[in-house]
Amino acid sequence: MQSSNRAKTQPKCAQRGLAAVEFAFVAIPFFLLLFGTIEFARLLYLWSTAQEVTRNAARQVVVTDFTNTAAITAIKRAAVFRVTAGALPAGAEITDTRVVIRYLNAAGTVPTSMPLDPGDNVSACQDAARVNSCIRSVEVCLSTGTTCTAGNLISFVPMISLFSTDNSNSTDLTGLRIPLSTVRMPAESLGFQPDL
């Protein structure tokens, strides 16, 4: 009878650290999946918000005086949902300095000589000799440079170092790029107010 009692008590002693080992086997893939899901959700957030940032800036720029640098800076900050200089919430990659605003003539290029003010833009648009100086549309994008080209895409920077190039054993997500999200709108008043 003693041998059967011993058999019942031995497994309890042998399993003493088993729960910790099982937790380690389950926790590692669980947290890897959890953090990977968080990074993927943040990437989708940045991709969808990038379009809203450029659309919001473009809507404001087409009715704002292009010579008023303070107003243009405020539009860039408001586009990334800020009042002061900084980055998009939960998206350090997208800052107000990365919002690029370009004024384009009828040919779709930057005017050779910009009009002096919105009133001069109206004159340039009505003068056949100054047609290249007339601002016909506004282009807004997110870019690392001053143009809206594919070579200036913003890189995705993972918040968790497990998915960055800092760790040699990691999955590198830094090769992912945030789209330019270019929005081109016809110029409206550009801040022009006729004398009454």
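Residues numbered from 1 in each chain as written. Predicted model: local features only at pLDDT ≥ 70, side-chain atom pairs only at ≥ 80, totals over all residues. Heavy atoms only, no water.

**Quick notes on the overall build of the protein chain**
So, step 1. Summing up its helical and strand segments, the protein chain has four helices and seven strands in all.
So, step 2. The secondary structure elements of the protein chain, listed N-terminal to C-terminal, are α-α-α-β-β-β-α-β-β-β-β.
So, step 3. Sorting the 196 residues of the protein chain into buried and exposed places 32% on the buried side.
So, step 4. When the accessible area of the protein chain is evaluated, it comes to approximately 11,900 Å², of which 60% is carbon and sulfur surface. (Helix = DSSP H or I, 4+ residues; strand = E, 2+ residues; numbered from the N terminus. Buried < 20%, exposed > 50% of the residue type's maximum accessible area, 1.4 Å probe, protein only. Areas by Shrake-Rupley, 256 points an atom, 1.4 Å probe, with all protein chains shown as cover.)

**So, helix 3 (residues 69-79)**
So, step 1. Taken as a whole, helix 3 has its buried residues at Ile 72, Ile 75 and Ala 79. For helix 3, the angular spread of buried residues about the axis comes to 55°, placing them on one side.
So, step 2. Buried residues in helix 3 make contact with helix 2 (18-61) and strand 3 (99-104).
So, step 3. Positive backbone phi, approximately 60°, marks Phe 81, located one or two places after helix 3. (Arc of directions from axis to C-beta. Contact = heavy atoms within 4.5 Å.)

**Thoughts on the packing of aromatic side chains**
So, step 1. Overall, the coordinates contain three aromatic pairs when judged by the stated rule.
So, step 2. For the ring pair Phe 30 and Phe 31, a centre distance of 5.2 Å and an interplane angle of 70° mean the geometry is edge-to-face.
So, step 3. Among the residues examined, Phe 30 registers a relative accessible area of 48% and is labelled partly exposed.
So, step 4. Using a relative accessible area of 37% as the deciding quantity, one classes Phe 31 as partly exposed.
So, step 5. On the basis of an interplanar angle of 55° and a centroid distance of 5.6 Å, the ring pair of Phe 66 and Tyr 103 is categorised as tilted. Of this pair, Phe 66 sits in the loop between helix 2 and helix 3 while Tyr 103 is found in strand 3, placing the two residues 37 residues apart along the sequence. As far as the burial class goes, Phe 66 and Tyr 103 line up, both buried.
So, step 6. Grouping aromatic residues by their ring pairs yields a cluster made of Phe 30, Phe 31 and Phe 35. (Phe/Tyr/Trp six-rings, centres within 6.5 Å; stacked < 30°, edge-to-face > 60°.)

Geometry only, nothing functional implied.
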